[in-house]
Amino acid sequence: MIVRRGLVVALGSHFLAPNLRPLSCLPPLLPLPRRRSNPRLFCSSYSSSSGDMAETRSPPAAKKVEHVMQMFGDVRVDNYYWLRDDSRCNPDMLSYLREENDYTGSVMSGTKQFENQLFAEIRGRIKEDDISAPLRKGPYYYYKKNLQGKEYVQHCRRLIADNKAEPSVYDTMPTGPDAPPEQIILDENIKAQEYDYYSIGAFKASPDHKLVAYAEDTKGDEIYTVNVIDSETLKPLGQPLKGLTCYLEWAGNDALVYITMDEILRPDKVWLHKLGTEQSNDVCLYHEKDDMFSLDLHASESHKYIFVASESKTTRFVFSLDVSKPQDGLKVLTPREDGIDSSVSHRGNHFFIQRRSTEFYNSELVACSVDDTSKTTVLIPHRESVKIQEIQLFRDHLAVFEREQGLQKITVHRLPAEGQPLNILQAGRSVSFVDPVYSIDSTESEFSSSVLRFRYSSMKTPPSVYDYDMDSGTSVIKKIDTVLGGFDASNYVTERKWVTAADGTQIPMSIVYNKNLAKLDGSDPCLLYGYGSYEISVDPYFKASRLSLLDRGFIYVIAHVRGGGEMGRQWYENGKLLKKKNTFTDFIACAESLIELKYCSKEKLCVEGRSAGGLLMGAVLNMRPDLFKVVIAGVPFVDVLTTMLDPTIPLTTSEWEEWGDPRKEEFYFYMKSYSPVDNVTAQNYPNVLVTAGLNDPRVMYSEPAKFVAKLREMKTDNNLLLFKCELGAGHFSKSGRFEKLQEDAFTFAFMMKVLDMIPASA
């Protein structure tokens, strides 16, 4: 699944929904993932009792330039269309964005001291000098290392003294004076010194571990440059490859396979690059000309094949490349059939194919011979109540990541010896978890071992890495993120509640609060987060900075609304296209339920969404402005109709299967009925914070900019409306780890300013 406006990020956490195939250059971590890509409020002074939130400085007023759009006899006038400048150089546009940033800074200047205190508190929970759980790959342990006070990581490795021994869940990387020395292959802190923004999208060692290829983005526009270096001497090999996505794999030790994009940033070509040759001489292995489809690629767990997939929102077909014979090019593995979505893995003489269709909407797992892909054997049949999210193959085992009743699970099956026939799999062994609601993510594991590695967290359990012995069922924790500052998980309660939507559907909510502070009598402040698009599942995960809310009495809630994937494929189907409004009404039902259940009141309810979740915020803001006290809309996709009518905007065409094609009358008027920019009216709105990134290729900065401009023109209240646009970043805002924490502190300060929760001494 390609995610455009779909990277899920809650209040600055770069959390990609687990197990989804990201579009291209997604910053590593979580749960990726759409691309986009006057108030009459003059200046009464702040009064917490009356709710009038305007400050003494007048907000910016964007100039009006009439732009008329007409279709199906319907006329729309967009006075702020001029804010869109694809070159990002228009001086009037840049001046307006700077005015908005200056206004935001002025309004928030009185809380700067408190914001700085919050930042120090949030940063103080981090063990700044730390390493990731070392991952065994061939003769090395690979890991990332953070240094005290540094924004970025170092990519490191150490030799394994006895790398012939079978991997075990009890393996540990020696670090003492007698241990093999540490090799620092890439220090992002040094590289980042040259840029305002720096992000690594791929870091790949060659099969013989002598070379490393890494993809870097220095603008936030997700257009990558790939460098190849000698992993020992660190010297570069050849010239960098430019203008790439971060889809990158080794084809043997002397060739790379990568993907580039067209002029609307659609991944459309896959290339073979021979080391030591010019990029201009690279061989194009496949060109996807259908603008509804985009390409991705990944290596098999066995490292014997590279799989290239072309996918739309409903269809996915796969080619294979034998890495021992890359010169033979791609071979069709699963044919292009409308409505059939295939993902492929490899083991021995079989391909394993996860296949979804209209009939088998939660996916089935089949296998076929490498030599005859036309004949398949069902290994796991389709089940109405269980969705296969992804599989992970090993030499002797199969790990299946599944989802049932909104909760994730892992089931492990032992496989027949390689070369033996495969038949339907019997019940496997399930991995057990303690928390009532939680999040699990697959991670890279050694194919030839019996050790499955996965990440686990809950809303009160910090991110943890486990190694699971698939033969014995033993789990060993390899790392749990340290949370400083006196954190005690027993102080927090996590719950799951079900809400009845307008049409009777039961909507799950995940909830966490500090049991020593939450009164549960309707007086507590609450932050409700929502997303609900692209079949992305926002599972209950831990975020250390959130403790600064919970420890001030906040209740934090995730609404698992339709349009996401938490409850299976049908959950997604019932929240897209002509059923998109279910996403919005589900969220409203969750908000009303929180009030009814006395988790909060309207005067204490804050809501947040980002990207396509920002669309959710814009929609409910127009539909029920009376229901919320604070709305946080991060890089929001709010100009839906205009964007989806314009195929020159990055990736619009591939999104027609998500939102609908408004060139068709039915979709035009349905989309217009909820598109936030088109539904701003003269009414009272709550306090609103909107963010954007000038270089954002997923949601163009102009969408939130014109939304704010129109709100300023139309709104009839004196509540705060702030717009913060990062002029040197993209969809994921700033790139440094502490810079991201500063953004959390700013957002929290905004909420607590509105709720009158900032101590007088701050």
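Residues numbered from 1 in each chain as written. Predicted model: local features only at pLDDT ≥ 70, side-chain atom pairs only at ≥ 80, totals over all residues. Heavy atoms only, no water.

1. A look at the sheet that holds strand β36 (residues 555-559)
What the eight strands build is an open sheet, ordered β33-β34-β36-β35-β37-β38-β39-β40; its pairing is mixed. Each end of this open sheet is capped by a strand with a single partner; those strands are β33 (492-500) and β40 (721-726). Going across the sheet, the axis of each strand differs from the next one's by a mean of 15 degrees, ignoring polarity. With five bridges joining them, strand β38 (residues 630-634) and strand β39 (residues 687-693) adopt parallel strand pairing. When the bridges of β39 are listed, I632 appears paired with L689. (Pairing = 2+ DSSP bridges. Helix = DSSP H or I, 4+ residues; strand = E, 2+ residues; numbered from the N terminus. Axes fitted to C-alpha atoms, helices over the stretch in contact; angles between N-to-C directions.)

2. Digging into the sheet that holds strand β15 (residues 267-274)
Strands sit in the order β10-β11-β12-β13-β14-β15-β16 across an open sheet of seven strands; the sheet is antiparallel. Strand pairing shows two members of the sheet lacking a second neighbour, β10 (199-205) and β16 (283-287), which therefore form its edges. When strand polarity is set aside, the average angle formed by the axes of neighbouring strands in this sheet is 35 degrees. Here strand β11 (residues 211-217) runs beside strand β12 (residues 224-230); their pairing, made up of six bridges, is antiparallel. For L211, the partnering residue across the bridge sits in β12 and is D230.

3. Quick word on the UniProt feature "domain: Peptidase S9A N-terminal" (unreviewed entry) in the protein
UniProt records the feature "domain: Peptidase S9A N-terminal" (unreviewed entry) at residues 59-479, using the numbering of this structure. Split by type, residues 59-479 is 8% helix and 44% strand. Its first and last C-alpha atoms lie 48 Å apart. (UniProt positions renumbered as here; feature names shortened; annotations may be inferred.)

4. Topic: the pattern of salt bridges
Summed over all chains, the structure comprises 51 salt bridges. A salt bridge links E288 to R336; the nearest nitrogen and oxygen atoms lie 3.5 Å apart. Residue E288 is found in the loop between β16 and β17 (294-299), and its partner R336 is found in the loop between β20 (331-334) and β21 (341-347); the two are separated by 48 residues along the sequence. Taking the relative accessible area as the measure of exposure, R336 reaches 40% and is therefore partly exposed. When salt bridges with common partners are traced through the structure, they connect K387, E535, R569 and E573 into a single cluster. (Salt bridge = Lys/Arg side-chain N within 4 Å of Asp/Glu carboxyl O. Buried < 20%, exposed > 50% of the residue type's maximum accessible area, 1.4 Å probe, protein only.)

5. Topic: the packing of helix α6 (residues 581-596) against helix α7 (residues 612-623)
Here α6 crosses α7 at 70 degrees, and the two axes come no closer than 10 Å. Classed by the angle they form, the pair α6 and α7 counts as roughly perpendicular. In this structure, α6 crosses over α7, and the sense of that crossing is right-handed. Where α6 approaches α7, its residues T583, F584, T585, F587 and I588 are matched on the opposing element by L615, L616, M617, A619, V620 and M623. Counted by class, the contact of α6 with α7 contains nine nonpolar, two polar and no charged residues. (Parallel < 35°, antiparallel > 145°, perpendicular 65-115°, else oblique. Left-handed = near helix turned anticlockwise from the far one by under 90°. Contact = heavy atoms within 4.5 Å. Nonpolar A, V, L, I, M, F, W, Y, C, P; charged D, E, K, R; others polar.)

6. Describing the nonpolar core
Among the nonpolar cores identified, the biggest contains 134 residues, and V270 and F587 are the most heavily contacted of them. Broken down by element, this core gets its largest block of residues, 10 residues, from helix α12 (residues 737-754). The contact partners of F587, leaving out residues within four places of it in the chain, are L528, Y529, G530, A559, V561, V607, L616, M617, V620 and F628. (Core = buried A, V, L, I, M, F, W, Y, C linked by side-chain atoms within 4.5 Å.)

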